[in-house]
Each structure stands twice: as structure tokens, then as C-alpha cells.
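Results of the structural survey
Below, each chain spelled out in residue letters.
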Amino acid sequence: MKESRAAILFGVAVTILALVMFRGLLWPDRLLFASDANVGWLQKVSAYLPWGFLGHWDGSTTVGTEWMVPLSSGNVVLWLLGASAFNNWVYAIHMVLASLFLAGFLRRYGLAWTAAGMGLVTAFWIGSNFTLLYAGHIGKFEVLLFASAFLYLFENTLAGPKFPWGIMTGGALGAMFLDQPDLALFFAIVLGLHAAFRCWLAFRGQVRAWAGIFLPILATAAAIAGPAALAVHTAEVGKAAQREQNEESARAKWEFATQWSLPPDEVIDFVAPGYTGWRSGEPDGPYWGRTGRSAEWEQTGRGFMNFRLESIYIGMVPLALSLFAAGMAVGRQKFACVRKEVRSGVSNTCGSGSSETRHLTLFWAAAALLSLLLAFGKYFPLYAVFYQLPGIKAIRNPNKFVQIFQFAVGILAACGLDMAMRLQTRAKQPE
């Protein structure tokens, strides 16, 4: 009962956080400006729902056109809320839900509510994962929501019963691909490795146990996202083939795919807000770095000098906590464990001193490092290797990995704060 009350209060706190962050929209007759989320287009789409999910004939053009509204979580919310409310609140809704799922995931490892709060603020309420709302990239917020849901639901799948939880976990995985397939693929690689790592720790080489976990997940995800993913893949392959006919060399295709790479020298923005400017076109702090620069810019002055619409600032405290957690985990540090009672939604672990949490920290430290190196794109050799994998050449913009990096740092910051709190408690205890 105490755990349930704490969860309710935590949910209220996250909701209040959202209202504070979006307080300007509480006044009537205000619309959030998001450059790629055109309110007129949202209004047009919402007018065709829900029948547009089954197909619709649009007669507004000269000869008309037949089209279908994808059955994604975002479009369902658009149908329920209408264009104006959707435009204003879809980002807050997704971040609140993502925060609650991530907090539930962290609590499964026995981390304190305070630590979970640090994790979700770091993962969602600062940096690229928050400021991309200016760009109106709604699909990326939906991917963050379902990635968090996947982690929470997968932990419940391991605890059992496996089949129903596996179906829900697969639903979260499939829903990611309905929203933004390219970022969903990047997240799915990391989440899949996390799931495999967890299964290896739990079951080692027990094939039947692995099958019982992954078959319902993969079957459900394929049933939900398979047709849409196939359609997107076919379209992207077609575009790639067209580019192959038009472009002169493999070098040109590489430059096209990696134009939005994060220059390594710009990681200073993680701790120095606005050091390279806030965003392109911002009068009070125009972005002057190299992200988005066209390959021919320096020779011909054509294309983009740069283009970035978000801030990647995370902050010194979350990054320091992340490094602290990673260092302690690598060093095999042990802590005094306070055995928790088994309560609703909380596993019977020793919090940040347990071997499970150490493994969690090690995995997400590796994920953070690798995702940051991949975000460097053309500026670091690792992405050239990743680029050779099937389907990757059709995806642009390695800096999408910044969002995975921030997500991983959120988990690490939560572990780091929990470790620090437990060490402080241990230091105060009499010998």
C-alpha cells in the first residue's frame, strides 16, 4: 500500500512537471509552434479520422487522391484530442508516459524514487529529447515512449507470466516502428541487445526459456509493424536506387547519409548550454557549428552551412552521476544492501549494490559510449562499419544516436544518484 501511494504521488509530481514546462499553453487561444508539425495539416488529417485509418478519398486537389492515415499511436491521439489540443499537448503526454514507464523500470531494480526522478528528468526533460519539440518531430517522442514501455514490460515478462507480458512487450516494440521507423530501428538494436543480455544473465543457454520470452515479443511486433516496416523499407530502397542512378560515387551517397553527424568538438554543448548557439535561425543565439553542413559547402558555398534545431545540453550533474555509476560498476564496488520488502512493482533486490543493478549499469554505460561514437557519424570510423549493415545505408542522420545516448545517460544518472545516496547512508551508520 505504501508503494502504491508513493507511485501515485510520483505520477502527480511528473504531471506537475509537465504543466510547469508547458505552462504557456494553459492560456486559451494559444498554439505551440513546432516547425514540422503544421497545424493546418493536423486539422486536415483529424477531419478524416477515424475512417481515414481504412482509406480515404481526398477531393481537395485538382483530380483528387486516395490516401490512408497510418494507424499509429500519434494518429489515434490526434483523433481523440483534435488538431489544436494534439498540437499543444502531444509532446507533454508522451513525455509524462515515458517518464512513468522509465521510473517503473528503474524501480524494478530497487532504485529510490529520487533516483528514478533524476533518471527521467535527464532522459526526457532536457537536451535533444526535449528541445526537439521545436522541430515538431512528433514521431521521435513516440519512440521514446515505447522504448521506455518496452524496458518496463520486458522486466515484467522476465518475472512472469511470460506470454501475456510478452505480448504487451511486443506491442510496445511494434508501435515504435509505426511512429518513426529509422529511429525505432536504432532503439530496437539497443533494446534487443539489452533484452538478450538480461536473458543471458537469467537463463544462460536454456533455449526453451529464451523461446518462451522472445517468441511472443517478436511475433506481436511483426504482426503490428511488419507491413508498415516493409512498405517503408521498399520506399527507401527505391529512393536509394534513384540516388544511385543520379549520384556519381559511393562517396556522394555516404555524404548524403551522414550529413547530420555530431562533430566531436561540439560535445562541449552537453555541459555548456548554447556554446555553439541554440539553434539555426535563432536571433539571440544562432547555431554556428558544423552539424548538418553539406559536403560541398566549403568548396562551393552551396547547400547548408549548418542546420540544427535543438539543444543537446544535458548538464554537468547528470553526466557526473553517470560517470560515477559507470566507474563504480567497472570497479566492482560493493555497497551495504538494504533488503527491500517485495511490494507492488518493486523487485526484491539490494538496490544499486546488487549484481543485477551493476549489470544494468555496465550495459547502459556501454550503450551510452557506443551511441555517442555512432552519433559522430562521418567524424569517427565506427559509423563507417555500422553503415555496412543491411538497411542502414537507407537511413540518414547519425546524430539520431544522440537521443539514445541521452536515454542511456538518464538510466546511468539514476543509478549514480542511488549509489551516492546509499553510500551516504552507509557512512552515517555506526560501525
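So, how was this worked out
Residues numbered from 1 in each chain as written. Predicted model: local features only at pLDDT ≥ 70, side-chain atom pairs only at ≥ 80, totals over all residues. Heavy atoms only, no water. Helix = DSSP H or I, 4+ residues; strand = E, 2+ residues; numbered from the N terminus. Buried < 20%, exposed > 50% of the residue type's maximum accessible area, 1.4 Å probe, protein only. Contact = heavy atoms within 4.5 Å. Areas by Shrake-Rupley, 256 points an atom, 1.4 Å probe, with all protein chains shown as cover. Polar contact = N/O pair within 3.5 Å; in protein donor to acceptor, adjacent residues only side chain to side chain. Expected span 1.5 Å × (residues − 1). Phe/Tyr/Trp six-rings, centres within 6.5 Å; stacked < 30°, edge-to-face > 60°. Lys NZ or Arg CZ within 6 Å of the ring centre and 35° of its normal. Axes fitted to C-alpha atoms, helices over the stretch in contact; angles between N-to-C directions. Parallel < 35°, antiparallel > 145°, perpendicular 65-115°, else oblique. Nonpolar A, V, L, I, M, F, W, Y, C, P; charged D, E, K, R; others polar. Left-handed = near helix turned anticlockwise from the far one by under 90°. Patch = residues over 30% accessible without salt bridge, like charges linked within 9 Å, V, L, I, M, F, W, Y side chains within 5 Å. Salt bridge = Lys/Arg side-chain N within 4 Å of Asp/Glu carboxyl O. Arc of directions from axis to C-beta.

Once that is clear, we can look at the overall build of the protein chain. When helices and strands are tallied, the protein chain shows 16 helices and two strands. For the protein chain, the residues scored as buried account for 49% of the 431 residues in total. The contacts in the protein chain between residues at least 6 apart in sequence include a share of 73% that link residues at least 24 apart. When the accessible area of the protein chain is evaluated, it comes to approximately 20600 Å², of which 65% is carbon and sulfur surface.

Its place among the elements puts Arg308 in the loop between α12 (297-300) and α13 (316-330). Judged by relative accessible area, which is 3%, Arg308 ranks as buried. Here Thr276 takes part through its side chain, which lies 3.4 Å from a polar atom of the side chain of Arg308. Beyond its immediate chain neighbours, meaning those up to four positions away, Arg308 contacts Glu266, Asp269, Thr276, Gly277, Trp278, Arg279, Ser280, Tyr287 and Thr291.

Over its 12 residues, helix α5 (residues 113-124) runs 16 Å from end to end, which matches the ideal 16 Å to within 8%, given 1.5 Å per residue. Listed in full, the buried residues belonging to α5 are Ala115, Ala116, Gly117, Gly119, Leu120, Thr122, Ala123 and Phe124.

This paragraph deals with the packing of aromatic side chains. For the structure on display, the rule yields 28 aromatic pairs. Ring geometry for Phe154 and Phe214: centres 6.2 Å apart, planes at 45 degrees, overall tilted. Placement of Phe154 in helix α7 (residues 138-159) and of Phe214 in helix α10 (residues 207-246) is noted, with a sequence separation of 60 residues between them. Residue Phe154 is classed as buried on the basis of its relative accessible area of 0%. With centroids separated by 5.8 Å and ring planes inclined at 65 degrees, the aromatic side chains of Trp260 and Phe304 adopt a geometry described as edge-to-face. Of the two residues, Trp260 is situated in the loop between α11 (250-257) and α12 and Phe304 in the loop between α12 and α13; the sequence distance between them amounts to 44 residues. Relative accessible area serves as the criterion here: at 38%, Phe304 is assigned to the partly exposed category. Among the aromatic residues, those joined into a cluster by ring pairs are Phe124, Phe187, Phe197, Phe363, Trp364 and Phe407. Lying across the ring of Tyr134, Arg279 places its NZ or CZ 3.7 Å from the centre.

A few words now on the packing of helix α8 (residues 162-179) against helix α9 (residues 181-203). Interhelical geometry of α8 versus α9 gives an angle of 155 degrees and a closest axis separation of 7 Å. With respect to α9, the axis of α8 lies roughly antiparallel. Along its contact with α8, which presents Lys162, Leu173, Met176, Phe177 and Asp179, the element α9 presents Pro181, Ala184, Leu185, Phe187, Ala188, Leu191 and Phe203. Split into classes, the residues belonging to the contact of α8 with α9 amount to 10 nonpolar, no polar and two charged.

The next point concerns unusual backbone geometry. Between Leu49 and the following residue, Pro50, the backbone shows a cis peptide bond with an omega angle of 5 degrees. One can find Pro50 in the loop between α2 (39-47) and β1 (56-58). Here the bond from Gly160 into Pro161 is cis, since omega is -5 degrees, no more than 30 degrees from zero. With respect to the element layout, Pro161 can be found in the loop between α7 and α8. A positive phi angle, near 60 degrees, is found at Asp29, a position not held by glycine. Positionally, Asp29 belongs in the loop between α1 (2-21) and α2.

Our next topic: the packing of α1 against helix α4 (residues 83-107). One way to put it is that α1 packs onto α4 with a least axis distance of 10 Å and a crossing angle of 150 degrees. It follows from the interaxial angle that α1 and α4 lie roughly antiparallel. Where α1 crosses over α4, the two elements pack in a sense that is right-handed. The segment α1 lies against α4, with Glu3, Phe10, Gly11, Val14, Thr15, Ala18 and Leu19 engaging Trp89, Ala92, Val96, Ser99, Leu100, Ala103 and Arg107. Along the lines of polarity and charge, the residues of the contact of α1 with α4 split into nine nonpolar, three polar and two charged.

Moving on: a nonpolar patch on the surface. Taken together, the side chains of Trp79, Leu80, Leu81, Ile93, Leu97 and Leu100 make up a nonpolar region of the molecular surface, amounting to roughly 520 Å² of accessible area. Elements with a minimum of two residues in the nonpolar patch: α3 (73-81) and α4. With respect to the helices and strands, Leu81 occurs in helix α3.

Once that is clear, we can look at α11. An α-helical segment advances 3.6 residues per turn. Residues three or four places apart therefore align on the same side. Among the residues of α11, those classed as buried are Trp254, Glu255 and Ala257. One side of α11 carries all its buried residues, which in axial view fall inside an arc of 165 degrees. Each element contacted by the buried residues of α11 is listed here: α15 (381-386).

Another point: the environment of Ala202. Tracing the backbone shows Ala202 in helix α9. Exposure remark for Ala202: the relative accessible area of 44% places this residue in the partly exposed category. Between the alpha carbons of Ala202 and Glu356 there is a distance of 9.9 Å; along the sequence they are 154 residues apart.

Within the element layout of this structure, Glu255 appears in helix α11. Glu255 gets classed as buried once you look at its relative accessible area, which sits at 15%. Separated by 141 residues in sequence, Glu255 and Arg396 place their C-alpha atoms 9.5 Å apart. Apart from residues no more than four positions distant in its own chain, Glu255 is found in contact with Ala295 and Lys378.

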